[in-house]
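# Coordinate analysis (summary)
Each chain, letter by letter, is given below.
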Amino acid sequence: MQRKPSSLALGLVAAAFVGQAALQGGTIFGTWEKNYSPGKGQLVSGGLSPDQMLFALSGFREMVAGILWVRADAFFDSGNYDAILPIIRLVTLLDPNEIDVYATGMWHIGYNFTDEEQRSDRRYIPSALALGKEGAAKNPNTYELFFETGWMWYHKIDDDYENAVSWFEKAKLRDDMLPARKDLLSMAYQRAGRVDDGLQNYYGLYDDASAVYKKDKAFGNHQHMDTIENNIDTMLVRMVQRGYEAEKQGRPLDGYDANPPFDVGFSVKATVLEPRVIRFEGTWNVLPVGTRIRVVLKDQDFKNAEPAGMKWDFSDNVNLDPPKNETFMQDQLYVKNRRFNRKVDMSKDPTMYPFTGQDYVMEFFYNPRSAPPHIQDKFSWNGEGMTDKNFLNTNVRPGQRVMYTTLKLTRDMILRRGEWQDRVPVIKTTNYQETGTTKQDEDVILNVPSLRGN
Amino acid sequence: MRPILSIASTTVGEAIRRRVLLIILLIGVLFLAVAPGLGVLSARSETTVLRGMMLGIIQLTSAVIAIVLTVYMLPNEIERRTIYTILSKPVQRWQFLVGKYLGAVSALAIMMCLMSVVMVLMYWYQQHAPISEIANLLKAPMMYFVQMSLLAAVAVMFSTFVSPLVNFFLSGGLYLVGSLFNPFFETLSSNNNTPAFTKTVAKFINLVLPNFANYNVQNPIINPQQTIGNETQYFINVTVYGVLYILGLLVVGILIFDRREV
Amino acid sequence: MAAAIQTTKLTKSYNSRSGKVNVVDHLDLHVEEGEIFGFLGPNGAGKTTTIKMLLGIIYPSFGEGYVLGKEIGDMDVHRLISYVPERPYYYEHMTGLELLKFYGSLFGINDPALFERLLEKVNLHRDKDKTISQYSKGMQQRIGLAQSLLNDPKLLFLDEPTGGLDPIAHREIRDLILSFRDEGRTVFISSHELSEVELICNRVAIINKGVIARQGKLTDLLRGGRIEVTVDGFESAEAFLKALPLKDTNVRTLPSGFLLDMPELEDTSSVIDSIRGAKGKILSIVPRKKRLEDLFVETVSSKQPSKTITVEESAGANQ
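Please read these numbers as outputs of a predicted model, since none were measured by experiment. Here the residue index of a chain counts from 1 through its sequence in written order. All chains are assigned letters beginning at A, and all ligands numbers beginning at 1, according to the order in which they are written. Thresholds applied to this predicted model are a pLDDT of at least 70 for local features of residues and 80 or more for the giving and counting of side-chain atom pairs; totals over whole chains, interfaces and linings are not thresholded and use all residues. Just so you know, side-chain values use all the structure's heavy atoms and leave hydrogens and water out.

What follows concerns the packing of aromatic side chains. What characterises a pair of aromatic rings is the spacing of the ring centres plus the angle enclosed by the ring planes. Residues and elements named next belong to chain A. Planes of paired rings set the category: under 30 degrees apart is stacked, over 60 is edge-to-face and the rest tilted, where pairs are Phe, Tyr or Trp rings (Trp by its six-membered ring) whose centres lie within 6.5 Å. Per the stated rule, a full pass over the model turns up 31 aromatic pairs over all chains. Taking the centre distance of 6.2 Å and the plane angle of 70° together, the rings of Phe-266 and Trp-284 count as edge-to-face. Here Phe-266, found in the loop between strand E1 (262–263) and strand E2 (267–274), pairs with Trp-284, found in the loop between strand E3 (277–283) and strand E4 (292–299); they are 18 residues apart in sequence, far enough to count as distant. The class for Phe-266 is buried, based on a relative accessible area of 0%. In this text, helices come from DSSP runs of H or I with a minimum length of four residues, and strands from runs of E with a minimum of two, each type numbered from the N-terminal end. Only protein chains enter the area calculation, which uses a 1.4 Å probe; residues under 20% of their type maximum are buried, those over 50% are exposed, and those in between are partly exposed.

Here it is in structure tokens:
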């Protein structure tokens, strides 16, 4: 007694399958494709989707990492950086050998979190460095993450070059380090004030490059040799010009180099125009363009603080969620015609500038080591050619002559509350004079000597 | 109808006492409860990650529950001979199968509700979000429920002719493929270099496979800037799709089960 | 009387590696209404397979069968029958009462008074709120019998109803089954516990390797015992035998005389008359009844049941 399927049942099955296929092919897939498919700019997702998690749990970690990374690419295109960060962290956790992800992640964390006026959120830099340290530790056989971490110090932090030097030195030890990138170590030595070491590095590189050229007379190899030769040339000239050689030989410095030190005459006035909006005006007697004075506004009791900055690599943890109650604003005051005038608007980014503490400190800082070469030609590497009647400081950066001063502010002033609701807070250095009260011709104008003559 | 409901409610009673399921559920709930604390994964987009993670946990847990719940349902009845007592009563086989399926789906609904409540509580506690935002968040578990009902129907259909272990991998595999095939197909069809034959085959598979990916609507919910063009219409479409598919699977299951020697 | 169960050449075969195997082979079964029918056979003889076919849970490969006058598989019949499977398992999370409610609902029955009455009948009314997981095996079997009575069935199938139970539970179950018969129900018992069946069944069928070896009234099947007559007053055994018109007879010499062992079917009274005529002295007449166990062993151990032996002597029982 075999049972035959009833035609009703078969009809039902047929109808159901035709119906679902029609729906899927007809409308659903079209809308799905528009709304949910990965790869479209509009797509946003946090973390792993269950299927990816399944893969991850079942041991396809690298595969998931790859998929995620491809996915994150779409977010870069659409500028959705917030979505990328957790992906980067996940990818590096899943597959610690994704060098590109570490590198991109560092760059992203270090550079891409900005406020409305493109100021970096520097509270993330310790995390970026931590990611670099982690990546370097997990991938010790390649130079890349050592180099990238060094670059973060060299270019982004742009203050403490000894750290850049030590990372570049580590990178140089790896076999796969690109020869051209080794040049950067010499630059870092210079900025760290270790000019001799820079020169020695160049010499070593030149020997290497000429050995390579001897073996293979390719044009590129010759070019590389030439480049190093040029760099050595320039460096030697500067060493003479900036009085480095004279100082070493015990000769008196003269007008050609960094003597006598030039008074930059810094003064500043900070005005809280509106809540969280501050205008900085002031003077800097250097006429050639290229001067950027650092201004930092941070909590007076900012954790891990350092003069005009913070202990950038205080942490080994990649913390993608830095303290929400700390404020750290860092900006540059560009000098033009010996004056600067910059409005800093912090009102649009309350998460970046929470202003939860009571007291704040404004720091003004100028370090000749970050200055462009034509200014360094007068100030030299360590600021030998620079002074400031009021604010020269030789303590905050040992072995360097820098300009450094602080002014204090309260929360009420910044937020224009309490007694400051109707009064405009104006904080200034004692030497600040309103525009028009100084006679222009009384000013001393810096005349930077150049190789081409005046 | 009466026997179906009786069998369904008995199935629910049995399912919510099954230790394996309760352990899976407990793990899911625990993960939900600690989700806000998994700070390593959160960035400035903390809310985004929290939402995504919680929905992901619910979806994964529900899928495991749906499969484990259904693959053993028929074999257990046969092994413990309870099915004979029932089938010797005036109960048709289709009634038995439908009752079992409805019971499984109801048990699933109860467990998913529990997880959703935990999710809402944790979310509320963490974010102090307004009601409208939470209601929006709940759309995802609702769609997951349709998805899991479809998955349960797949497993029930297979359970009429394969052993539980084989069924586990069959249903689980189909769930994976069905979840991944949509993006795969999308990539394939938008690529101009794909041969026409491959495209046709892919299109055919796309039409035939249960497309679990249709129900993964979490992306716009996790990120409120995103919206679905016509949300209501989409939800209706995919629900009807699911119901049709479930219907088809159940009838196939009944046809096989009717012929089956138990 | 009408037949409660009637099958003709009912066959179930499975494909195995060595070819087609008939688990149940051309079964002609006949069960009358109102009797307790014992369906006997060793493990694996095809008992449960037959019951499942009769219930429509599995489908016959060949032949036909009627239960309560309807072809097997007819859903209407399921309202009138009940089945208690071998060593049953019930949903453990339910209490006794809930179990009855659940099975009742499958019939559309929701009658609290009926549930109470059935629980009382199987002596579980004090344990109705315990869950099945707390029940002993005997209690589980009894709640099974209670659920089988929910629809007031005309025909009950009980598969090994006393399997794995202790003697007291045996007795409880036995009494319940007898009460079913007294209520006018037909009871179909499959068992390999012969002493039980012997005590309660009217008719039996013995199935072995899928084939019915014996079927009939228990009294008829057990006919064919022997009678032992102890006699004194004869010189020798030869002299004694000469006096009697017997064929299949053994004579043994006892200290007190001679033991005559003869088939029950012989004409006992004429033998006794002959003994008396020869001036013999009859010391005792002991009938040695055949036991079901003897019959069973005899039937099952005969290696190849060459043909079906049916003892059908009750009038009008055949079609």
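Next, the rest of the story.
Bringing the sheet that holds strand E12 (residues 226–232) of chain C into the picture now. Residue and element names in this part refer to chain C. When DSSP finds two or more bridges between two strands, those strands count as paired. The strand order across the open sheet built from 4 strands is E13-E14-E12-E15, with neighbouring strands paired in antiparallel fashion. Across the chains shown, the open sheet's two edge strands, defined by having one partner strand only, are strand E13 (250–254) and strand E15 (281–288). Taken pair by pair, the neighbouring strands of this sheet meet at an average axis angle of 20°, ignoring direction. Pairing of E12 with E15 involves 7 bridges; the strand directions are antiparallel. Bridge pairing in E15 links Arg-226 to Arg-288. When checking whether two residues touch, look at their non-hydrogen atoms; a contact exists if any pair is within 4.5 Å. In this description, a line fitted to the C-alpha atoms serves as the axis of each element, helices being fitted only across the stretch in contact, and the angle between N-to-C directions of two axes falls anywhere from 0 to 180 degrees. Relative to the sheet, helix H9 (residues 268–277) contacts E12, strand E14 (257–263) and E15, its axis offset from that of E14 by approximately 155°.

With that out of the way, let us pick up the interface of chain B and chain C. Residue-level contacts link 28 residues of chain B with 28 residues of chain C. For the pair chain B and chain C, the two sides together bury roughly 2600 Å², of which 61% comes from carbon and sulfur. Values labelled buried area give the accessible surface lost by two parts on being combined, using a 1.4 Å probe and summing over both. Contact with chain C buries area across many residues of chain B, yet Lys-89, Pro-90 and Glu-261 of chain B alone supply 24% of it, more than any other trio. Throughout this description, a polar contact denotes any pair of N or O atoms lying within 3.5 Å of each other; where both atoms belong to protein, one of them has to be capable of donating a hydrogen while the other can accept it, and for residues adjacent in sequence the pair is counted only when both atoms sit in side chains. If you look at where chain B meets chain C, you find 11 residue pairs in polar contact (both at pLDDT 80 or more).

Further remarks concern unusual backbone geometry. Residue and element names in this part refer to chain C. Even without glycine at this site, Leu-68 takes up a positive phi of about 50°. For Leu-68, a relative accessible area of 17% puts it in the buried group. Positioned with a positive phi, Asp-152 is a non-glycine residue whose angle comes to about 50°.

As a further point, take helix H8 (residues 139–159) of chain B. One less than the number of residues in a helix, times 1.5 Å, gives the span that helix is expected to have. If you check H8 of chain B, its first and last C-alpha atoms are 30 Å apart, about what 21 residues at 1.5 Å a residue would give, namely 30 Å. Across the 21 residues of H8 of chain B, 18 count as buried, placing the element largely inside the fold.

Bringing the nonpolar core into the picture now. The nonpolar side chains of a soluble globular protein tend to be buried with one another. Nonpolar core, defined: a set of buried Ala, Val, Leu, Ile, Met, Phe, Trp, Tyr and Cys residues in which side-chain atoms within 4.5 Å join the residues together. One finds Ile-86 and Phe-96 of chain B together with Ile-143, Phe-157 and Phe-188 of chain C to be the most contacted residues of the largest nonpolar core, which totals 159 residues. Per-element tally for this core: the top contributor is helix H6 (residues 93–127) of chain B, with 16 residues. Grouped together as the second largest cluster of nonpolar side chains are 55 residues, Trp-167, Ala-188, Phe-302 and Phe-328 of chain A included.

Attention shifts here to the pattern of salt bridges. All names here are of chain A. When a carboxyl oxygen of Asp or Glu lies within 4 Å of a side-chain nitrogen of Lys or Arg, that pair is called a salt bridge. Counted by the stated rule, this structure contains 34 salt bridges over all chains. For Arg-191, the salt bridge goes to Asp-158, with nearest N and O atoms at 3.5 Å. Of the two residues, Arg-191 sits in helix H9 (residues 179–191) while Asp-158 sits in the loop between helix H7 (144–157) and helix H8 (161–173), which places them 33 residues apart along the sequence. This pair shows no difference in class: Arg-191 is buried, exactly as Asp-158 is. With a shortest N-O distance of 3.6 Å, Arg-238 and Asp-377 are connected by a salt bridge. Of this pair, Arg-238 sits in helix H11 (residues 219–241) while Asp-377 sits in helix H13 (residues 373–379), and the two are 139 residues apart along the sequence.

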